[in-house]
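Listed below are the residues making up each chain.
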Amino acid sequence: MKKYPLTEYRWQQIIHNDVHSDFYYGVTTTKIFCKPSCHSREPLKNNVLIFKETNEAISAGFRPCKRCQPTGSVTNTDWVAEIKAYLNNNYQQKLTLSTIAAECHGSPFNLQRTFKAESGLTHRQYLTDLRLNKSKKLLRTTDLSIKSIALRVGFSSDTYFITVFRRQFMQTPDSFRLQKL
C-alpha cells in the first residue's frame, strides 16, 4: 500500500470539512474512512491515514463512513455489524446514543432506527443483553463482588444491575452465582 503524507494542508482540509479535497482519510482507531468534507467528529491527527482512492482504503481494512458515504453507499447490514462490534468492544464504558452515533459515523436518529430495523432490538437492549451475558460469565468464573461485576460490565450502579438482572433472569445475581455450585 502506498503511503501518502498527512500534510498540514490536508489536515486543515479535514478539520475544516473542505468540499474541494481530492483524497480520503481513514481513522485507524475506528477503521472508517471519510471524505474530508464529512462532518463527523474530528479525529486525532496521529490516527489519520491518507488515501487517494476508496479502493485503497477498503484494501487496507477500512469501511466507508455511513455519514458521508465516500463510496456511494454503505449497506445497513454492514453498518449495524460495525455498531455491534463497537458495542462489543466498548460495553464497559458509559455509552450514550450520541456517543455511539459519533463513533460509528451516523446520526443518532438514523442509528436508532436502522439498528432496530436490522437487529430487532434497540441499541440499548442489545447493550444491556451484552452486559448481562458478560456479568453471568463473571458470576460463574470469579469471586468478584456484585458491585465490582456491575461496574466492570458497564452498569452505573450495583442496585441498577441487580434490578435489571432480576427482571431478565427472574433471580438475583447472588442466586445465580449459588446455582453454579
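In short, a report on the structure. As the structure is a computational prediction, the values presented were derived from the model and not from experiment.

Let us now look at the overall build of the chain. If you tally the helices and strands in the chain, you get nine helices and four strands. Listed N to C, the secondary structure of the chain is α-β-β-β-α-β-α-α-α-α-α-α-α in terms of helices and strands. Viewed in the frame of its principal axes, the chain has a C-alpha envelope of about 60 × 30 × 25 Å. Each of the 181 residues in the chain was classed as buried or not, and the buried ones make up 41%.

Turning our eyes to something else, we now look at the side chain of Arg131. Its location among the elements puts Arg131 in helix H6 (residues 123-141). Within the structure, Arg131 has its side chain in polar contact with the backbone oxygen of Gly154 (distance 3.4 Å). Beyond its immediate stretch of four places on either side in the chain, Arg131 contacts Tyr91, Gln93, Leu95, Val153, Gly154 and Phe155.

With mixed pairing, four strands are arranged side by side in an open sheet as S3-S1-S2-S4. For this open sheet the edge positions go to strand S3 (48-51) and strand S4 (63-64), each flanked by a neighbour on one side alone. Pairing of strand S1 (residues 24-27) with strand S2 (residues 32-34), which is carried by three bridges, proceeds in the antiparallel orientation. Its bridge partner being in S2, Tyr25 is matched across the sheet by Cys34.

A word on unusual backbone geometry. For Asn17, which is not glycine, the phi torsion reads 55 degrees and is therefore positive. Note on placement: Asn17 falls in the loop between helix H1 (8-15) and S1. If you check the backbone angles, Gln69 has positive phi at about 45 degrees while not being a glycine. Of note, Gln69 is situated in the loop between S4 and helix H3 (76-90). Using a relative accessible area of 26% as the deciding quantity, one classes Gln69 as partly exposed.

Cut-offs and rules
- Residues numbered from 1 in each chain as written.
- Predicted model: local features only at pLDDT ≥ 70, side-chain atom pairs only at ≥ 80, totals over all residues.
- Heavy atoms only, no water.
- Helix = DSSP H or I, 4+ residues; strand = E, 2+ residues; numbered from the N terminus.
- Buried < 20%, exposed > 50% of the residue type's maximum accessible area, 1.4 Å probe, protein only.
- Polar contact = N/O pair within 3.5 Å; in protein donor to acceptor, adjacent residues only side chain to side chain.
- Contact = heavy atoms within 4.5 Å.
- Pairing = 2+ DSSP bridges.

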